[in-house]
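# Summary of structural features
One-letter residues, chain by chain:
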2 protein chains.
Amino acid sequence: MDNAPLYLRIAADLEAEIASGVLKAEEKIDSERALSERLGVSRMTARQALRHLIGKGLVETRTGQGTFVSSRQIEQRLETLSGFTEEITRQGRQASSIIVSSITRRADEQTARALSLPATGMVHCLTRVRFVDGMPVALETTEIIASRAPHLLERADFRTTSLYATLTDEYGIVPTLAEQTLMAGLADANIARTLHTDPGAPVLDLTRLTRDQDGSPFEFVRSTYRGDFFVMKVDLSLGARTQA
Amino acid sequence: MDNAPLYLRIAADLEAEIASGVLKAEEKIDSERALSERLGVSRMTARQALRHLIGKGLVETRTGQGTFVSSRQIEQRLETLSGFTEEITRQGRQASSIIVSSITRRADEQTARALSLPATGMVHCLTRVRFVDGMPVALETTEIIASRAPHLLERADFRTTSLYATLTDEYGIVPTLAEQTLMAGLADANIARTLHTDPGAPVLDLTRLTRDQDGSPFEFVRSTYRGDFFVMKVDLSLGARTQA
DNA sequence: GCTCTGTAGTGGTATATACCACTCACTTTG
DNA sequence: CAAAGTGAGTGGTATATACCACTACAGAGC
């Protein structure tokens, strides 16, 4: 966070004040002009920090009045971010995996874009087949920004060791937020062979971008799950608006 | 739109070009500098128009390369209980639907079990084909406990009227919580014909059990989405339960 | 008391300018 | 021929300035 853009550092400071309770819900924040003067930055920079917090749903603006801490942070209920192993064992099943490949290499285009890496960026690339009760159910490729976790792949045996636990303990990277997308797909020959199913069988293609405690993305995951085995469950809450 | 802010008018023009197909998916848009010069506005104004389109998910930027039209996949956010129409229009697309059938009948076994109904329980059954930009993308069957909303189906034209709005206004039923499951599947002959795709094409099968403000389930929805158009997005955080 | 009306302060919009890191195609160099 | 370097173009950030519409509030006028 030291060399992050100025507006993000300002936003982070304000976010910390909100989280710590210094700034309370519905309370008025310094105006854009007051902020810029107090911090010695231009008004546009202060404004950009506030826009960032609006995007996070932490504050809201009222023209002619000011900027206020948003009141309904509690309504931002998100789904859990837990690892494959934790989720499976919680259901009383046996989780295991085998490592298909484990290398450090240049990020491909999709990965670099997702992780906001330059085209020359290096990633640790870990491809595993996931098993539940001895049955192969998913092929998963995890890519982690190499510079964030030097020599990660030599640190532990990730057939048995939790990737997230290692990241947290050894590198201080705490998985905090993630954006996950799911789409329907069909098994190709490679997937069919790996997951012991037939080409053309339904699969769930899943991608996940994981962020650390500072909001910086560090991991990009692509998984393919057997469609006849996995069901994704989500709890929804009413977001104040509706239509059907 | 005549006296709207300049950047919104520019954004609307670009949006129209994307919608009409003049600008195609993955195609490169004028750079910020080129846009500003062509339109005779400052670069920051052109940039603000583009940021607005990014917010709608219509374009994406790649530093050092340019700004590109997003692939035309439709993103449905999974974790907010917002309606199909709202989610689509938020992305600057045209949502519509046609009614396949609209009857009140005995609940089938799966529905009765989901809604905790006796075997003789009656449900209002509304089957619709959902369209986005004139293209069929989903087949959806909504079943609502008949005794909770007498004569619901005669109350309004649900091609144009929001189902949830009617439930709230006329019957005091407020959709509050829902449990949603998602699985990969294949289009059968009927689905393929309805959604203008091929049998065996990937689809997303979705079911939802919706509860009112008292926690009582009142609605059971079964939907099938075209897998090549729809992507489901979920935001995850550390600290709850759920999934897989 | 009441309404009206400035006026100061707020966020919203718009311009102009500048520098940075990055990408990519091209040229130079060995 | 391959590797290294150059430069134009791109989005990202930051500053400074200006005017607008809107809100709240104090004070004038009735």
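Here goes a summary of the coordinates provided. Note that this is a predicted model, so its numbers are computed, not measured. (Residues numbered from 1 in each chain as written. Chains lettered and ligands numbered in written order. Predicted model: local features only at pLDDT ≥ 70, side-chain atom pairs only at ≥ 80, totals over all residues. Heavy atoms only, no water.)

## Side note on the overall build of chain A
How we decide: Put simply, DSSP H or I for four residues or longer makes a helix, DSSP E for two residues or longer makes a strand, and each gets a number counted from the N terminus. Only protein chains enter the calculation, and the probe is 1.4 Å; a residue is then buried if its accessible area is under 20% of its type maximum, exposed if over 50%, and partly exposed in between. What makes two residues a contact is simply this: any of their non-hydrogen atoms within 4.5 Å. Here, Shrake-Rupley sampling with a 1.4 Å probe gives the accessible areas, and only protein chains in the shown set may cover a residue.
Helix and strand counts for chain A stand at 8 helices and 11 strands. Considering chain A as a whole, with its 244 residues, one finds that 44% of them fall into the buried category. Considering only contacts in chain A between residues 6 or more positions apart, those separated by 24 or more positions represent 57%. Accessible surface for chain A amounts to roughly 12,400 Å². Of this, 50% is attributable to carbon and sulfur atoms.

## Here's the deal with the protein's contact with DNA strand C
To be explicit about the condition: What makes a residue near a molecule or strand is one non-hydrogen atom of that residue sitting within 4 Å of it. Any pair of nitrogen or oxygen atoms within 3.5 Å is treated as a polar contact; in protein, a donor-acceptor pairing is required on top of that, and neighbouring residues in sequence qualify only through side-chain atoms on both sides.
In the vicinity of DNA strand C, 30 residues are found, and the nearest of them are A:Glu32, A:Arg43, A:Ala119, B:Leu6 and B:Thr45. When atoms of DNA strand C within 4 Å of the protein are split into backbone and base, the sugar-phosphate part holds 64%. A distance of 2.3 Å separates a phosphate oxygen of DNA strand C from a polar backbone atom of B:Leu6. Elements represented by at least two residues in the surface near DNA strand C include exactly helix H2 (32-39), helix H3 (43-55), strand E2 (59-62) and strand E3 (66-69) of chain A together with helix H1 (6-20) and helix H3 (43-55) of chain B.

## What about the protein's contact with DNA strand D?
We count it as follows: Under the grouping applied here, Gly and all other residues not named as nonpolar or charged are polar, the nonpolar ones being Ala, Val, Leu, Ile, Met, Phe, Trp, Tyr, Cys and Pro and the charged ones Asp, Glu, Lys and Arg.
Around DNA strand D sit 27 residues, and of these A:Leu6, A:Thr45, B:Glu32, B:Arg33 and B:Arg43 come closest. The share of sugar and phosphate among atoms of DNA strand D within 4 Å of the protein is 62%. In this structure, A:Tyr7 approaches DNA strand D through a main-chain N or O atom, which is 3.0 Å from a phosphate oxygen. Looking at the surface near DNA strand D, the elements that each hand over two or more residues are helix H1 (6-20) and H3 of chain A together with helix H2 (32-39), H3, strand E1 (59-62) and strand E2 (66-69) of chain B. Counted by class, the surface near DNA strand D contains 6 nonpolar, 13 polar and 8 charged residues.

## A closer look at the pattern of salt bridges
Which entries qualify depends on this criterion: Whenever a carboxyl oxygen of Asp or Glu lies within 4 Å of a side-chain nitrogen of Lys or Arg, that contact is scored as a salt bridge.
What the rule picks out here adds up to 39 salt bridges over all chains. Across the pair B:Arg43 and B:Glu32 runs a salt bridge whose closest N-O atoms are separated by 2.9 Å. Within this pair, whereas B:Arg43 is found in helix H3, its partner B:Glu32 is found in helix H2, the two being separated by 11 residues in sequence. A salt bridge links B:Glu143 to B:Arg105, with the shortest nitrogen-to-oxygen separation between them at 3.6 Å. Residue B:Glu143 is found in strand E6 (residues 135-145), and its partner B:Arg105 is found in strand E4 (residues 95-106); the two are separated by 38 residues along the sequence. On the basis of relative accessible area, B:Glu143 is assigned to the buried category, the value being 0%. According to the relative accessible area criterion, B:Arg105 is partly exposed, its value standing at 26%. A cluster of three or more residues bridged by salt bridges with shared partners is formed by A:Glu109, A:Arg113, B:Glu26, B:Glu60 and B:Arg62.

## Details of the layout of surface pockets
Residues and elements named next belong to chain A. Put simply, the test is: With a 1 Å grid spanning the protein atoms alone, the term cavity applies to any set of points in which a 1.4 Å probe fits but cannot get out, the term pocket to an open set with protein on both sides within 12 Å along at least five of seven lines, and the term lining residue to any residue with an atom within 4 Å of a point. Grid points are joined across faces, edges and corners, and a volume is the space filled by probe spheres set on the points.
If you add up the space inside the second largest pocket, you get close to 520 Å³. Gly83, Phe84, Thr85, Arg130 and Glu140 are the residues nearest the centre of the second largest pocket, which is lined by 35 residues in total. Secondary-structure elements contributing two or more residues to the lining of the second largest pocket are helix H4 (84-90), strand E5 (95-106), strand E6 (122-132), strand E7 (135-145), helix H7 (163-171), strand E8 (177-186), strand E9 (202-211) and strand E10 (217-226). The element contributing the most residues to the lining of the second largest pocket is H4, with 5 residues. The residue makeup of the lining of the second largest pocket, split by class, is 15 nonpolar, 12 polar and 8 charged.

## Concerning the packing of H1(A) against H3(A)
Residues and elements named next belong to chain A. Threshold: Here the axes come from fitting lines to C-alpha atoms, over the contacting stretch only for helices, and the angles between their N-to-C directions go from 0 to 180 degrees. Throughout this description, any angle smaller than 35 degrees is read as roughly parallel, any larger than 145 degrees as roughly antiparallel, any in the 65 to 115 degree range as roughly perpendicular, and the remainder as oblique. Each crossing gets its handedness from the near helix: less than a right angle anticlockwise from the far helix is left-handed, clockwise is right-handed.
The contact between H1 and H3 brings their axes to 8 Å, and the two run at 55 degrees. Taken together, the axis directions place H1 and H3 in an arrangement best described as oblique. The handedness of the crossing between H1 and H3 comes out as right-handed. Together, Leu6, Tyr7, Leu8, Ile10, Ala11, Leu14 and Glu15 of H1 and Thr45, Gln48, Ala49, Leu50, His52 and Leu53 of H3 make up the contact between the two elements. The residue makeup of the contact of H1 with H3, split by class, is 9 nonpolar, 3 polar and 1 charged.

## Remarks on the packing of H2(A) against H3(A)
Residues and elements named next belong to chain A. Following both chains from N to C, one finds H2 and H3 inclined at 115 degrees, their axes separated by 8 Å at the closest point. With respect to H3, the axis of H2 lies roughly perpendicular. Crossing angle aside, the handedness with which H2 passes H3 is right-handed. For the pair formed by H2 and H3, the contact residues are Glu32, Arg33, Leu35 and Ser36 on the first element and Arg43, Ala46, Arg47 and Leu50 on the second. Looking at the contact of H2 with H3, its residues break down into 3 nonpolar, 1 polar and 4 charged.

## Regarding the environment of B:Val69
All names here are of chain B. Assignment of secondary structure puts Val69 in strand E2. Sequence-wise, Val69 and Glu87 are 18 residues apart; in three dimensions their C-alpha atoms are separated by 19 Å. For Val69, the contacting residues outside a window of four places in its chain are Ile18, Leu23, Lys24, Ala25, Glu26, Glu27, Ile29, Leu58 and Val59.

## Digging into unusual backbone geometry
Located in the positive-phi region is A:His151, a residue other than glycine, with phi close to 60 degrees. Within the secondary structure layout, A:His151 lies in the loop between E7 and helix H6 (152-155). In this structure, B:His196 takes a positive phi of about 55 degrees despite not being glycine.

## A closer look at the packing of aromatic side chains
Residue and element names in this part refer to chain A. The condition is simple: Only centres within 6.5 Å qualify two rings of Phe, Tyr or Trp (six-membered ring in Trp) as a pair; their planes then separate them into stacked at under 30 degrees, edge-to-face at over 60, and tilted for everything else. Lysine NZ or arginine CZ positioned within 6 Å of the ring centre and within 35 degrees of the ring normal marks a charge as sitting over the ring.
A full pass over the atoms with the stated rule returns 3 aromatic pairs over all chains. Plain terms: the ring middles of Tyr225 and Phe230 are 4.7 Å apart, the flat faces sit at 45 degrees to each other, and that makes the pair tilted. Given a relative accessible area of 6%, Phe230 falls into the buried group. Within the aromatic cluster, the residues linked to one another by ring pairs are Tyr225, Phe229 and Phe230. Above the plane of the ring of Phe68 lies Arg62, whose end atom (NZ or CZ) is 3.9 Å from the centre.

## Observations regarding the nonpolar core
Formally: Buried residues of nine kinds, namely Ala, Val, Leu, Ile, Met, Phe, Trp, Tyr and Cys, make up a nonpolar core once their side-chain atoms join them within 4.5 Å.
Core analysis: the biggest nonpolar cluster contains 33 residues, and A:Phe84, A:Leu182, B:Phe84, B:Tyr225, B:Phe230 and B:Met232 have the highest contact counts within it. A total of 4 residues in this core trace back to one element, the largest contributor, which is strand E10 (residues 230-237) of chain B. Ignoring sequence-local partners within four residues, the contact set of B:Tyr225 consists of B:Gln76, B:Phe84, B:Val137, B:Ala138, B:Glu140, B:Val203, B:Leu204, B:Leu206, B:Phe230 and B:Met232.

None of this, on its own, says anything about what the molecule does.
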